[in-house]
Structures are given as structure tokens and as C-alpha cells.
Amino acid sequence: MSTSGESINNIDYNVICQFFLSLNRQGPGSKESTLRALSLIENLSEIKNIADLGCGTGSPTLLLAEMTSAQITALDLFPAFLSRLNDNAKQMGFGDRIKTMQRSMLELPFEDESLDMIWSEGAIYNIGFKKGFVEWKRFLKPGGYIAVTDATWFRRDPAPEIFEFWNNSYPEIDYCDVKCGQILDAGYEVIGIFRLPQSCWSVEYYSHVPAAPESFKSKYSGVETATELIGWMEEEMRLYAKYGETYGYTFYIARKL
Ligand code: SAH
């Protein structure tokens, strides 16, 4: 899920939220990728406090709960996402370990050096990659981990059409080496990086979109935001089909020095 820079009112939020609730996840990713990133964390059994920032309905959050014994604070702007996550957490027996919090990642409520790990799949773009690494660092204990996915160029010299698209929606998309440099500059060591396979976009995310708009369209027919949203999503998918080898998400896993 991405948002344009313009401000949107509450009705728009509701429409956007309903659309993404109808998908099984709110951004590219997969269980396998989350597990692969987790496998790079050396002392997983010692991880006691995790914050999942921009958790959405919590596909990664639930897996974090399954794979660790940690207390997890799952934070997102949208209450409907959080209530879906709460329901699933309870159903899976994680109700006591996953605490949801409606809050912006720009105003985190944590104590300094209180977290063993920060997780943020497909969401750090909301604060910005560089700013996220800089500003979230103080909440991590020394040696604490951070794992995020973010838009990354996979090929040099992207075609003007796709360059323009990203420049308008998320100009911080960059090459992996540039982003690793930003992580180092912010005072971390890079533990691992890997590209998400294309199936994380096409199968796990976009394949659910064509079904979603049908119910969504009838519910919100004539609502301008809904029509715009569907059009925007279809354009994003068209571009991915055309340029999916040029860009994608890279998982960045780092450790606070
Ligand atoms: N991590 C989830 C969702 C990714 S989509 C997954 O991998 O499936 C990005 C999420 O960021 C959305 O749920 C959106 O509501 C949330 N978000 C957007 N702006 C935010 C902000 N300022 N603070 C917290 N969450 C935000």
C-alpha cells in the first residue's frame, strides 16, 4: 500500500482502508521472505520486545509471534487493520503477546533503548528510509535489530516512464548500495540484504486485486476516491508487469552498533 503526498480526509481514509482490507496483505511480501529475514537474526530466542511499524492487518506480525517468544507492539494508522490483526491474533493464541496501537510511526511512544527489534515490511517509506533508520535508532537497545523492506532499483538507468512514476510516488527509491550506505551512516552494521522475488508482488499481492474491486466497486460506486484508487492500483500493476525486473523490494536487515 502506498499513499500519494496529498492530504486526504477521513472519508477517503475509510475508502482506502476498505479497499486494502479486502486484500490479504497491504503490500508486497511473503511468509518465506519474512522467515528468511528472521533466519538472519542470530539470537532470536533472546528477542523479547519487537515493534512492527506500519503492520497493516499483520501478515508479518503473526509470523513474528509464531517464530519468537517476544512481546510485539503492532502499530498502524488505521484502526480497521488493527482490529483485523487483533481478531487473528486472538484466534491464533497470540492475544497476550501482540498489542496493537493506533499511532503514527512518526511519533513513536517507546522508551529509549527499550526494543530488541524493529520490523517494518513495506512501510518505512511513510517516514522515509533514511529518516526511519536515523530516528528509530534510539528506541533500539545497543545490538538491537532492524529489518525493513523498501523499494530499490535492480537495474541501472531505469526507463523514463518508470523513473517518473517512482520519482512522483517515492523519490527515495534507490540502488541497494546507496541504501546500505545510509544504514551505515546512521550507525548500524548491515547483517543481510536480499531481493524479494517477483512472486511477492504478482502472486502474494497483485493477484488479489482484480477480485477486490468488484465488491468494492459496487459498495463505493460513484465515490471518486474509490474510482481513483482502483485506477491508480491498475496503473501500478501495469507498470510492474512491464518493469518488474527493473525495481522491487529489498529486505535490509541491520544491527545497531
Ligand atoms: N507491514 C504490512 C503492511 C504494509 S502496507 C505488510 O507487510 O503486510 C503499509 C502500512 O503502513 C499500511 O498498513 C498503512 O496503514 C501504514 N501506514 C501508513 N502511514 C503510516 C504512519 N504514518 N504510521 C504508521 N503506519 C502507517
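Coordinates for the structure precede this section.
Residues numbered from 1 in each chain as written. Predicted model: local features only at pLDDT ≥ 70, side-chain atom pairs only at ≥ 80, totals over all residues. Heavy atoms only, no water.

**Q** Hey, could you go over the site of the ligand for me, with residue numbers and the actual values?
**A** Surrounding the ligand, one finds 20 residues, the nearest of these being Gly54, Asp76, Phe78, Met105 and Glu121. In the model, a nitrogen atom of the ligand is placed 2.8 Å from a nitrogen or oxygen of the glycine 54 main chain. Between glutamate 121 and the ligand, the recorded distance is 2.8 Å, taken from a backbone N or O atom to a nitrogen atom. Alone, the ligand offers 570 Å² of accessible surface; in the complex the protein occludes 96% of this. For the shell around the ligand, the per-class residue count stands at 10 nonpolar, six polar and four charged. (Near = heavy atom within 4 Å. Polar contact = N/O pair within 3.5 Å; in protein donor to acceptor, adjacent residues only side chain to side chain. Areas by Shrake-Rupley, 256 points an atom, 1.4 Å probe, with all protein chains shown as cover. Nonpolar A, V, L, I, M, F, W, Y, C, P; charged D, E, K, R; others polar.)

**Q** How would you explain unusual backbone geometry if you had to name every residue and give the values?
**A** Positioned with a positive phi, glutamate 113 is a non-glycine residue whose angle comes to about 50°. Mapped onto the elements of the fold, glutamate 113 is located in the loop between β3 (98-102) and β4 (115-120). A positive phi angle is found at aspartate 157, which is not glycine, with a value near 50°. Take aspartate 157: it is sitting in the loop between β5 (140-153) and α6 (160-169). (Helix = DSSP H or I, 4+ residues; strand = E, 2+ residues; numbered from the N terminus.)

**Q** Any details on the environment of asparagine 167? Residues and values, ideally.
**A** Structurally, the position occupied by asparagine 167 is in helix α6. C-alpha separation for the pair asparagine 167 and asparagine 24, spaced 143 residues apart in sequence, amounts to 27 Å.

**Q** How would you sum up the packing of aromatic side chains? Please name residues and give values.
**A** Applying the stated criterion to the full structure yields 20 aromatic pairs. The interplanar angle of 70° and the centroid separation of 6.0 Å between the aromatic rings of tyrosine 125 and tyrosine 170 together place this pair among those described as edge-to-face. Residue tyrosine 125 is found in the loop between β4 and α5 (129-136), and its partner tyrosine 170 is found in the loop between α6 and β6 (174-175); the two are separated by 45 residues along the sequence. Put simply, the rings of Trp153, Phe163, Phe165, Trp166, Trp201, Tyr205, Tyr206, Tyr240, Tyr247 and Tyr249 touch in pairs and so form one group of aromatic residues. The ring of tyrosine 175 has arginine 156 sitting right over it, with the charged end atom 4.0 Å from the ring centre. (Phe/Tyr/Trp six-rings, centres within 6.5 Å; stacked < 30°, edge-to-face > 60°. Lys NZ or Arg CZ within 6 Å of the ring centre and 35° of its normal.)

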